[in-house]
Amino acid sequence: MLKANGDFRSALKHLQLALVDTSPSTLSDLQVKFQIAHLYEVQNKHKAAKESYEFILNDKNISLDLKADIYRQLGWMYHCVECLGEKKERESNALRFLQKSIEADPKSGQSLYLLGRCYAGVNKVHDAFLAYRNSVEKSEGNADTWCSIGVLYQQQNQPTDALQAYICAVQLDKEHRSAWTNLGILYESCGQLRDAYACYLNAVKRNLNQKINTANEGNKSIFLKSTTNGLTKGLAQRVKFLESQLSQAPLPSITSKRRTLCSIEEAWNLPISLEINSRQQQQTVQMQQRQFGKTSSLQGPPPPYPHNHGTQSNPAKRAKDDSEYSVRNRAEHQIANLGQAEMNSSLQLSQQNQKIIIDQPDQVVHPITTQNRQSLTNSTSPNDVISERTNFHSYFSEVLSSNDMRENNESIDLERILSTNDQVSMGVSDQSIQVRIQNISSELVDDCPGLVNSDDGKIIVKYETQSNDDTQNIYKEQKTKIESDNELDSSPTFNIQMDSKQLCSAVKLLSVDEPPINFTVLTRNAPPPAPPDCPPQRLTREQLLPPTPSVHLENKKNAFCPQLQEFCLKHPIAVVRGLAGALKLDLGLFSTKTLVEANPDHSVEVRTQVNQSPDENWDVSQAKRVWACISHRSHTTIAKYAQYQASSFQDSLKDEGDKGSAGSQVMSDSDSKDSVSNSNINLKRKKQKNGSKMLRFGTNVDLSDERKWKPQLSELQKLPAFARVISAANMLSHVGHVILGMNTVQLYMKVPGSRTPGHQENNNFCSININIGPGDCEWFAVPDAYWGGIHNLCEKNSISYLHGSWWPVLEDLYKENIPVYRFIQKPGDLVWVNAGCVHWVQSVGWCNNIAWNVGPLTARQYSLAIERYEWNKLQSFKSIVPMVHLSWNLARNIKVSDVKLFELIKMCLCQSLKNVLHIQEYVKSKGVEIRFNGRGKNDSSHYCGQCEVEVFNVLFIREQEKRHVVHCLPCVLKLSPSLQGIVCLEEYRLSELENVYDSFTLYRTQGLGQAH
């Protein structure tokens, strides 16, 4: 306590007395000596601290925990303190000691974080990212880690990723000034001044809150005074400058240039941010247990500087590494683009921001710092953060009230503005902001006691003890409804907290002058899906060829252990070897011989392809390598293809020169892209005119009919539940109808060289593929994070990523820093393709494969499926998984306890119900009667006959058509703008949908606390 309060002399005295005291103690002698050594460190007596730490390390009785702590302290000292040697030698020692700390305590998120800081300091960006990622896995609630990740992303010119990292930081710690400041600089560098303004206000707010808190803690205020004042001054100057810019800025319009980054409110609801936010409470409890438990002295001692110490030399040096880009370089870049009148204020920002970021390292592992901040974090919700628009008014009102200026008039003015605004985003319109800014004092004072809580369109303005009583009485508990949806028109807000009655009432307020044709299951303010940028870190040649995750099963117990599913879900792709043997699967049931005996006339789709090495893909003239992989489609029967398969094997035995292509395998879905139909098929081997051999690949053999394939389908019931075709834990089992090849089994019959071109699974669902044998298959796979890079390469090669058929040139991928898994699938091996993984396959020998898709009930799977569902619309590509229909069935059939998954499904229900209601209101306004059509139990989902978009609940058909074709609203309006001659059908009663919507709530298991 004395050390934390800066009374170092008294602290040393008591610690030395503790060493000579023989009475029982909660701390061992070594732990007391550690505290003494750390006391030297916080007083900047670094050599004495170093000698003391090293003396303790020489003791044979030292525990691993204490050893880890000392190595961490030594490592960080070498990183920060110049008097300990030359920089190169110091950095080497810092890395060595931090790695030793991690060896002693592999679960230490602190040591991993500091190791990442050191790697970043020597510009080893990839290693820094790995260390930060591991730190997040060990201690996800560390806001400093996320802030540093954001800085690294900025260094790599990845503003979107940097934004998400900073948002994670401020959600975990709403008092994190460095993250707020860096976020403001990021927004300002992207030209989004309003978002930057909100972030700087948050940084000022957090500084003032901390100053107020520390001012009541006696001696503590002495050590924070200089830093806080300088920090507030620098931010205040920037806020004043942005005020003047915003007051002169033109109003935003629908023709404005698209924003580089999403707004704060949108970023707050990004998938990772939601996940971090939902776990925050649990992380808080764990942090408090570590801080106040019996072993608190060993659970992350403070770094070598006290939170309240006034000396800035060492923290400034520490801050430089992580913050140099985001502060100095960004500010200098901004200066280069500013006019002469703005030069001075920007220059001051670049100088003073060095001080702003100083406070980030102070919050790394100091228990007292974390405790103080955490107590504030626990008392707030995500919406308590000062935001882009809502808090402009409340913030400036507080400034005015603290100066005793026009309390009553300001309260009336604030109430008037809030009640008449037309824009939501964070609560107040842009027009109101400008009016308000012009009428306030430009001077920012140091005290800002107000707190704004914006929750679902309601604003509660509360004042704490620092505001005067009169103003507090005027504003306390004031609530004003805001009806808007992030657009310039006054449209109602829609969110998942609304019940069906509220949603219906809100829809009635929507205009029916224009048809509701732009339907999305995402939030309205979410940016449209787009191929992502590849991860920024450069990979070595070895990292571009990573080892494939694989596991060998020895018995049935291994196959059914939960760790197997966890292993599969953890990796982009995984090979489960020996599965057939462990489960005693009779693979002979899927052999060509058995298939011919069972159903010889069953249909087989055939692809005619050029036989070539898996490493190569040549154009028709064999002159150059290309990405295009065109095959010709035809049809035959199992019996006829079996004859071809057998004859090709016999021919290979006779032809000694034809050794087959060495390498590759086939995947679950056969490719139907860029195919040319042939009316007949000649099963004799063919050669192209230029001499290259042709082959025929038998694909998409449908095994869904239980009457024909009962033995085969029964055998697959031996698989563990997560890999079965039908399972309650498989989303695709809840579709309610057959989707061939996805929730049914398909079989592939291959000769060497048969190719399944590159693709992601339909709607990014996972897939299962089992090699029946007797030959092997070779697989190529790329993690889903890199699919945007492959998409760009397809565009570069003039091939459509979704509609085209392509076989990647490996060297092209390596040049673009895209890693590729490559492995052989033996008979009896199961390949798990995780959600979003890009893959392509070629058979090495003669073999059959069976495959199907599965949908684990995870937020990641659902999120990727929904994202691809929306992107498919933009690309005019059919989503064969009807995600809206599936979401409603999931709501009917399952209980969801995962917060993130629940919110995603509920948002889809909310958006689709809103769309149904809005369409029906529009149809009624046109005088068209809505007829109830109903829906059969196993009826397939409906798709528009024109654009192939899923049509849910409200169907449009032409009255005079003999064969009724379903249309979506946009397409039917093209046929009949007035809807004359159009029949509107309803599949579900509104009462049924409303009941399902209201009944779908977050399921809480026994003992599970509130998620938020």
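Residues numbered from 1 in each chain as written. Predicted model: local features only at pLDDT ≥ 70, side-chain atom pairs only at ≥ 80, totals over all residues. Heavy atoms only, no water.

(A) Molecular detail of the overall build of the protein. A tally of regular secondary structure across the protein gives 35 helices and 22 strands. Scored against the burial criterion, the 1012 residues of the protein give a buried share of 57%. When the accessible surface of the protein is totalled, it reaches about 43,400 Å², and 49% of it is carbon and sulfur. (Helix = DSSP H or I, 4+ residues; strand = E, 2+ residues; numbered from the N terminus. Buried < 20%, exposed > 50% of the residue type's maximum accessible area, 1.4 Å probe, protein only. Areas by Shrake-Rupley, 256 points an atom, 1.4 Å probe, with all protein chains shown as cover.)

(B) Structural context of the sheet that holds strand 18 (residues 930-932). Taken in spatial order, the three strands of this open sheet run 18-22-21, and their pairing is mixed. Two strands bound the open sheet, and with one partner strand each, they are strand 18 and strand 21 (954-958). Averaged over all adjacent pairs, the angle separating strand axes in this sheet is 35°, with direction ignored. One ladder, built from three bridges, connects strand 18 with strand 22 (residues 982-986); its direction is parallel. Counterpart to Arg931 in the pairing with strand 22 is Leu985. Contacts between helix 33 (residues 899-925) and the sheet are confined to strand 18, strand 21 and strand 22, with strand 21 contributing the most and set at about 40° to the helix. (Pairing = 2+ DSSP bridges. Axes fitted to C-alpha atoms, helices over the stretch in contact; angles between N-to-C directions. Contact = heavy atoms within 4.5 Å.)

(C) The arrangement of the packing of aromatic side chains in detail. Tallied over the full model, the rule gives 20 aromatic pairs. Each ring, one from Trp787 and one from Trp871, has its centre 5.0 Å from the other, and the planes form 65°; the classification is edge-to-face. On the criterion of sequence distance, the pair formed by Trp787 in helix 29 (residues 787-796) and Trp871 in helix 31 (residues 859-874) is long-range, its members being 84 residues apart. Each member of the pair, Trp787 as well as Trp871, carries the same accessibility label: buried. When the ring of Tyr801 is compared with that of Trp806, the centres are 5.4 Å apart and the planes differ by 25°; the resulting orientation is stacked. Residue Trp806 is classed as buried on the basis of its relative accessible area, which comes to 0%. By way of ring pairs, the aromatic residues Trp627, Trp787, Tyr801, Trp806 and Trp871 are connected into one cluster. (Phe/Tyr/Trp six-rings, centres within 6.5 Å; stacked < 30°, edge-to-face > 60°.)

(D) Region of the structure containing unusual backbone geometry. The omega torsion across Gly773 and Pro774 is 5°, close enough to zero to call that bond cis. Here Pro774 shows up in strand 12 (residues 766-774). Residues other than glycine seldom take positive phi values, yet Ser798 does so here, at roughly 60°. Summarising the element assignment, Ser798 is placed in the loop between helix 29 and helix 30 (810-815).

(E) Structural view of the sheet that holds strand 16 (residues 838-843). Ordered by their spatial adjacency, four strands build an open sheet running 11-16-13-14, and the pairing between neighbours is antiparallel. Pairing within the sheet leaves two strands with one partner each, and these edge strands are strand 11 (755-759) and strand 14 (821-825). Between one strand axis and the next, the sheet turns by 15° as a mean value, whatever way the strands run. Two strands pair when backbone bridges link them, and strand 13 (residues 777-782) and strand 14 are joined in this way by five bridges, in the antiparallel orientation.

(F) Highlighting the environment of Asn157. Its location among the elements puts Asn157 in the loop between helix 8 (143-155) and helix 9 (159-172). Among the residues examined, Asn157 registers a relative accessible area of 54% and is labelled exposed. Here the alpha-carbon distance between Asn157 and Pro536, two residues 379 residues apart in the chain, equals 8.3 Å.

(G) Geometry of the nonpolar core. If you look at the biggest cluster of nonpolar residues, it comprises 85 residues, and the most contacted ones within it are Tyr53, Ile70, Trp146, Ile149, Leu163, Leu183 and Tyr187. A per-element tally of this core places helix 9 first, with nine residues. (Core = buried A, V, L, I, M, F, W, Y, C linked by side-chain atoms within 4.5 Å.)

(H) Quick peek at the packing of helix 6 (residues 109-121) against helix 8. Viewed as axis vectors pointing N to C, helix 6 and helix 8 meet at an angle of 20°, and their least axial separation amounts to 10 Å. In terms of their interaxial angle, helix 6 and helix 8 are classed as roughly parallel. The handedness of the crossing between helix 6 and helix 8 comes out as left-handed. Here Tyr113, Arg117 and Ala120 of helix 6 come into contact with helix 8, specifically with Asp144, Thr145, Ser148 and Leu152. Here the contact of helix 6 with helix 8 is built from residues that sort into three nonpolar, two polar and two charged. (Parallel < 35°, antiparallel > 145°, perpendicular 65-115°, else oblique. Left-handed = near helix turned anticlockwise from the far one by under 90°. Nonpolar A, V, L, I, M, F, W, Y, C, P; charged D, E, K, R; others polar.)

All quantities given are derived from atomic positions and should not be read as evidence of function.
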